[in-house]
Amino acid sequence: MFGITDEVLDEMESVDVRTVDINTLTDIRDVKIDTKLPVEKKLALFAEQTNNLFVHRIGDYVVKVRFQKEGPTIDDKMKEYIRHLAEIHI
């Protein structure tokens, strides 16, 4: 994938968000992707702009993501999360 070996991908994925030095992570807000591009090109641009495909920062927060080929979209998951929050506060 994008010239990255399986070993490097495994190493990136195994980073523990509880112990990682936040200063070594890319702030996801600095990543710029043209959303009109095909998925493969968007992934390649994302890989070029970050030092870890799985673990990032958003300001002072560490975020770990995982990728899947099929299943709910991030929009679907965000709607589910917001509905869950609404149920808690009702």
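None of these values were measured; they are calculated from a predicted model. (Residues numbered from 1 in each chain as written. Predicted model: local features only at pLDDT ≥ 70, side-chain atom pairs only at ≥ 80, totals over all residues. Heavy atoms only, no water.)

Colleague: I would appreciate a short explanation of the overall build of the chain in the present structure.
Modeller: Within the chain, the regular secondary structure consists of 3 helices and 2 strands. Walking the chain from its N terminus toward its C terminus, one meets helices and strands in the order α-α-β-β-α. Principal axes of the C-alpha set define a box for the chain whose edges measure 50 × 35 × 25 Å. When burial is assessed residue by residue, the chain has 21% of its 90 residues classed as buried. Long-range pairs, those at least 24 residues apart, make up 60% of the contacts in the chain with a sequence separation of at least 6. (Helix = DSSP H or I, 4+ residues; strand = E, 2+ residues; numbered from the N terminus. Buried < 20%, exposed > 50% of the residue type's maximum accessible area, 1.4 Å probe, protein only. Contact = heavy atoms within 4.5 Å.)

Colleague: Mind showing me how you'd approach the pattern of salt bridges here?
Modeller: Side chains that carry opposite charge are capable of pairing whenever their charged atoms lie near each other. This model, assessed by the stated rule, comprises 3 salt bridges. Across the pair aspartate 16 and arginine 18 runs a salt bridge whose closest N-O atoms are separated by 2.9 Å. Arginine 18 gets classed as exposed once you look at its relative accessible area, which sits at 72%. (Salt bridge = Lys/Arg side-chain N within 4 Å of Asp/Glu carboxyl O.)

Colleague: It is not clear to me how the pairing of strand E1 (residues 55-58) should be interpreted in this structure. Could you clarify?
Modeller: Both faces of the sheet carry side chains from a regular strand, because those side chains alternate between them. The pairing of E1 with strand E2 (residues 61-64) spans 4 bridges and is classified as antiparallel. If you follow arginine 57 over to E2, its bridge partner there is valine 62. From the end of E1 to the start of E2, which pair antiparallel, there are 2 residues, and glycine 59 there has a positive phi angle of about 65 degrees. (Pairing = 2+ DSSP bridges.)

Colleague: Would you take a moment to explain the confidence of the model for the chain for this structure?
Modeller: Interpreting fine coordinate detail is not advised for predicted regions of low pLDDT. Of all residues in the chain, 96% have pLDDT values of 70 or greater, and the mean over the chain is 86. By mean pLDDT, helix H3 (residues 74-89) is the weakest element of the chain at 82, and E1 is the strongest at 92. (pLDDT = per-residue confidence, 0-100.)

Colleague: Just checking my understanding: could you explain the environment of glycine 71 for this structure?
Modeller: Position of glycine 71 among the secondary structure elements: in the loop between E2 and H3. For glycine 71, a relative accessible area of 56% gives the class exposed. Residues glycine 71 and lysine 36, spaced 35 residues apart in sequence, show a C-alpha to C-alpha distance of 21 Å.

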